[in-house]
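Chain residues, written in single-letter form:
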Amino acid sequence: MTIAKALVVDDSKVVRDMFKRMLEARGLGVETAASGQEAIDHLKAHSTDIIFMDYMMPAADGFEVTSQIVANPQTSTIPVVMCTANDTSNDRARAKVCGASGFLTKPIGEAALDVVLAEMRERTPARAPVAPPVAKPAPAAAGLSREEITEIARQI
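A brief report on the enclosed structure follows.

**So, the layout of surface pockets**
A volume near 150 Å³ is recorded for the second largest pocket. No other element matches helix α2 (residues 36–45), which puts three residues into the lining of the second largest pocket. A breakdown of the residues in the lining of the second largest pocket according to their chemical character gives three nonpolar, four polar and one charged.

**Quick notes on α2**
Three or more residues of α2 are buried, namely Gly36, Ala39, Ile40, His42 and Leu43. Each buried residue of α2 sits inside an arc of 160° when the element is viewed along its axis, so together they form one side. Residues of α2 that are exposed and point over 90 degrees away from its buried face: Lys44 and Ala45. Buried residues in α2 make contact with β1 (5–9), β2 (29–33), β3 (50–54) and α3 (62–71).

**Structural notes on α3**
Within α3, eight of the 10 residues are buried, leaving the element largely enclosed by the surrounding structure. When α3 is considered as a whole, its buried residues turn out to be Gly62, Phe63, Glu64, Val65, Thr66, Ser67, Ile69 and Val70. Close packing links the buried residues of α3 with α2, β3, β4 (80–84) and α4 (89–98).

Cut-offs and rules
- Residues numbered from 1 in each chain as written.
- Predicted model: local features only at pLDDT ≥ 70, side-chain atom pairs only at ≥ 80, totals over all residues.
- Heavy atoms only, no water.
- 1 Å grid on protein atoms, 1.4 Å probe; cavity = no way out; pocket = protein on both sides within 12 Å on 5 of 7 lines; lining within 4 Å.
- Points joined across faces, edges and corners; volume = space filled by probe spheres on them.
- Helix = DSSP H or I, 4+ residues; strand = E, 2+ residues; numbered from the N terminus.
- Nonpolar A, V, L, I, M, F, W, Y, C, P; charged D, E, K, R; others polar.
- Buried < 20%, exposed > 50% of the residue type's maximum accessible area, 1.4 Å probe, protein only.
- Arc of directions from axis to C-beta.
- Contact = heavy atoms within 4.5 Å.

Remember, this is a structural readout, not a statement about activity or role.
Okay, here's the thing in structure tokens:
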């Protein structure tokens, strides 16, 4: 798949600006959103090839917003890469359950970003929605057992 435009969703302006510079250095056009709702509103009027989603944001978190994006037929084919400083097997499992296509740990390293972009470029452009929108994710990765969480995390 071709990746020419990215949407960076993060409530930190510093992170948005840093991420924007990193992606622009790789030849991508970059738009930013400061909240999940701003990202949803942006996607109603603009197209993008990939979304980098912070998950710890006020109001709707990145898991909720990713679920909404994946469940919407107009945006379901856009890969969402979850970006967070909390890199646990539970976080990775929740990201997968919500439909995230990838996972990056902050601070985002140049090499890790290159790997994720290469993986997303190798994907086929269309994918079916993974999960319906979730109002509020349940604790412990939506009731998954420890073994299920571990298995999902291995697949990411």
